[in-house]
Amino acid sequence: MKIRFLGHASFLIEINNKKVLIDPFIKGNPLAASIDINTIDADYVLLTHGHGDHVADAEEICKRTGATIISNFEVCNWFQDKGLSCHALNHGGKFKFDFATIKYVMATHTSSMPDGSYGGNPGGFVIWTETECLYIAGDTGLTMDMKLIPMLCPKLSAAILPVGDNFTMGIEEAVMAAEFVECDKIIPCHFDTMPQIKVDKDKVIQAFKEKGKECLFIEIGDTLEV
Ligand code: NI
Ligand code: MN
């Protein structure tokens with residue numbers, strides 16, 4: 001899997017020759033000014049929940065690329081009404097797509113759409129192929145449900161976890177989350193975009209290191225292979 005960071009909680013992941021865009025929020029993010037959304041190619045767009053800092057650019061990118069949205073039932077309904085193609089999942093459900101199996105898992109957070117309408121319950125995704133497995137926690141605090149992930153899914157190759165605190169878990173909880181999901185390679189997200197979620201990257205790296213875990217910050221626009 002090739003994982004390109006597009007800022008905030010947005011990633012473009014290449015899996016089995018498909019391009020999978022996660023939580024696109026690029027045009028509204030000054031830190032991601034170097035990313036031109038017209039250059040983003042996507043086959044699927046995965047949305048963890050309905051908040052604007054996760055769905056803002058989904059409609060425009062899907063209309064241009066014809067990508068299919070994968071999210072919860074309510075987020076999918078909202079985008080279906082805009083004429084987009086969607087595949088709805090709900091918590092505990094998984095589906096074998098043409099490029100990977102995707103399971104929608106619990107997150108403890110809230111979810112409303114940019115117009116205030118109901119966005120269902122927020123979630124995360126576990127995405128796996130024959131050889132790799134990636135956990136995308138979405139916006140969440142630490143939850144005991146994370147312990148179910150290693151019981152229900154293949155061994156994780158990497159986990160994308162929020163670390164910015166304030167709206168999601170902070171460093172201490174993210175380190176515990178890495179232990180709960182039994183993953184040693186962590187890609188942080190949901191930090192630095194706003195003043196409330198600024199982090200000291202060295203502190204984050206050190207906190208994971210103390211528990212024997214590798215924390216890999218990806219620069220916006222850069223790609224990491226896992
Ligand atoms: Ni959120
Ligand atoms: Mn968010």
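Thresholds, definitions, all that
Numbering of residues begins from 1 in every chain and follows the order in which that chain's sequence is written. Here the convention is simple: chains get letters from A, ligands get numbers from 1, in the order in which they are written. At least 70 in pLDDT is required for a residue's local features to be given in this predicted model, at least 80 for side-chain atom pairs to be given and counted, and no such filter applies to totals for whole chains, interfaces and linings, which use all residues. Here the side-chain values reflect all heavy atoms present in the structure, with hydrogen atoms and water set aside. Comment: elements are numbered from the N terminus, with helices defined as DSSP H or I runs of at least four residues and strands as E runs of at least two. Atoms counted for the radius of gyration: C-alpha only. Globule rule: 2.2 Å times residue count to the power 0.38. Any residue under 20% of the maximum accessible area for its type is buried, any over 50% is exposed, and the rest in between are partly exposed; the area is computed with a 1.4 Å probe on protein chains only. Contact between two residues is taken to exist if any of their heavy atoms lie within 4.5 Å; hydrogens are not considered. Accessible surface is estimated by sampling points in the Shrake-Rupley manner with a 1.4 Å probe; for residues, cover comes only from the protein chains shown. His is not counted here, nor are the chain ends, while Lys and Arg score as positive and Asp and Glu score as negative. Here the site of a charge means atom NZ of a Lys, CZ of an Arg, CG of an Asp or CD of a Glu. Coordination here is defined by N, O and S atoms within 2.8 Å of the metal (3.2 Å for Na, K and Ca), and since water is not considered, a site can look incomplete. By definition, two strands form a pair when at least two bridges between them are found by DSSP. Axis definition: a line fit to C-alpha positions, over the contact stretch in the case of helices; interaxial angles, taken between N-to-C directions, run 0 to 180 degrees. Irregular is the default label, applied whenever a site is not tetrahedral (four donors, all angles between 85 and 135 degrees) and neither square planar nor octahedral (four or six donors, opposite donors over 155 degrees apart, all other angles between 65 and 115).

Draft legend 1. Summary view of the overall build of the protein. Summing up its helical and strand segments, the protein has six helices and 14 strands in all. Against the 2.2 N^0.38 benchmark of 17 Å for 226 residues, the protein shows a C-alpha radius of gyration of 16 Å, consistent with a compact globule. Across its three principal axes, the protein shows a C-alpha extent of roughly 50 × 35 × 35 Å. The buried share of the protein, reckoned over its 226 residues, is 55%. Within the protein, contacts between residues at least 6 apart in sequence are counted, and of these 60% link residues at least 24 apart. For the protein, the exposed surface amounts to about 9,700 Å²; the carbon and sulfur share of it is 48%. The average position of the 20 basic charges and that of the 31 acidic charges among the side chains of the protein differ by 3 Å.

Draft legend 2. Seen up close, the coordination of the manganese ion (ligand 2). Only Asp 53 (OD), His 54 (NE2), Asp 139 (OD) and His 190 (NE2) from the protein reach the manganese ion (ligand 2) as donors, at distances of 2.1 to 2.2 Å. Spacing between the donor residues of the manganese ion (ligand 2) along their common chain follows D-H-x84-D-x50-H. The distance between the manganese ion (ligand 2) and the nickel ion (ligand 1) comes to 3.1 Å, and Asp 139 binds to both of them. Note that Asp 53 is positioned in helix 1 (residues 52-55) and His 190 in the loop between strand 12 (185-189) and helix 6 (201-209), a separation of 137 residues in sequence. Under the relative-accessibility criterion, Asp 53 is labelled buried at 15%.

Draft legend 3. Just unusual backbone geometry, in detail. Its identity as a non-glycine residue notwithstanding, His 8 has a phi of 55°, on the positive side. Residue placement: His 8 occurs in the loop between strand 1 (2-5) and strand 2 (11-15). Despite not being glycine, Asp 23 has its phi angle at roughly 40°, a positive value. Looking at where Asp 23 falls in the secondary structure, it is placed in the loop between strand 3 (18-22) and strand 4 (44-46). On the basis of relative accessible area, Asp 23 is assigned to the buried category, the value being 1%.

Draft legend 4. Broad picture of the sheet that holds strand 3. Taken together, seven strands build an open sheet; the order of strands is 6-5-4-3-2-1-14 and the sheet is mixed. Edge strands, defined here as strands with exactly one partner in the open sheet, are strand 6 (86-89) and strand 14 (223-225). Direction aside, neighbouring strands of the sheet carry axes that sit 20° apart on average. Where strand 1 meets strand 2, four bridges bridge the pair, whose relative direction is antiparallel. Each residue of the ladder has a partner; that of Ile 3, found in strand 2, is Ile 13. Its contacts with the sheet put helix 3 (residues 73-80) on strand 5 (68-72) and strand 6, and the angle it makes with strand 5 is roughly 145°.

Draft legend 5. Main features of the coordination of the nickel ion (ligand 1). Looking at the nickel ion (ligand 1), one finds its protein donor set to be His 49 (NE2), His 51 (ND1), His 109 (NE2) and Asp 139 (OD), positioned 2.2 to 2.3 Å from the metal centre. Given four donor atoms and angles of 89 to 175° at the metal, the environment of the nickel ion (ligand 1) is assigned as irregular. In primary sequence terms, the donor set of the nickel ion (ligand 1) follows H-x1-H-x57-H-x29-D. By relative accessible area, His 49 is classed as buried at 0%. The class of His 109 is partly exposed, set by a relative accessible area of 22%.

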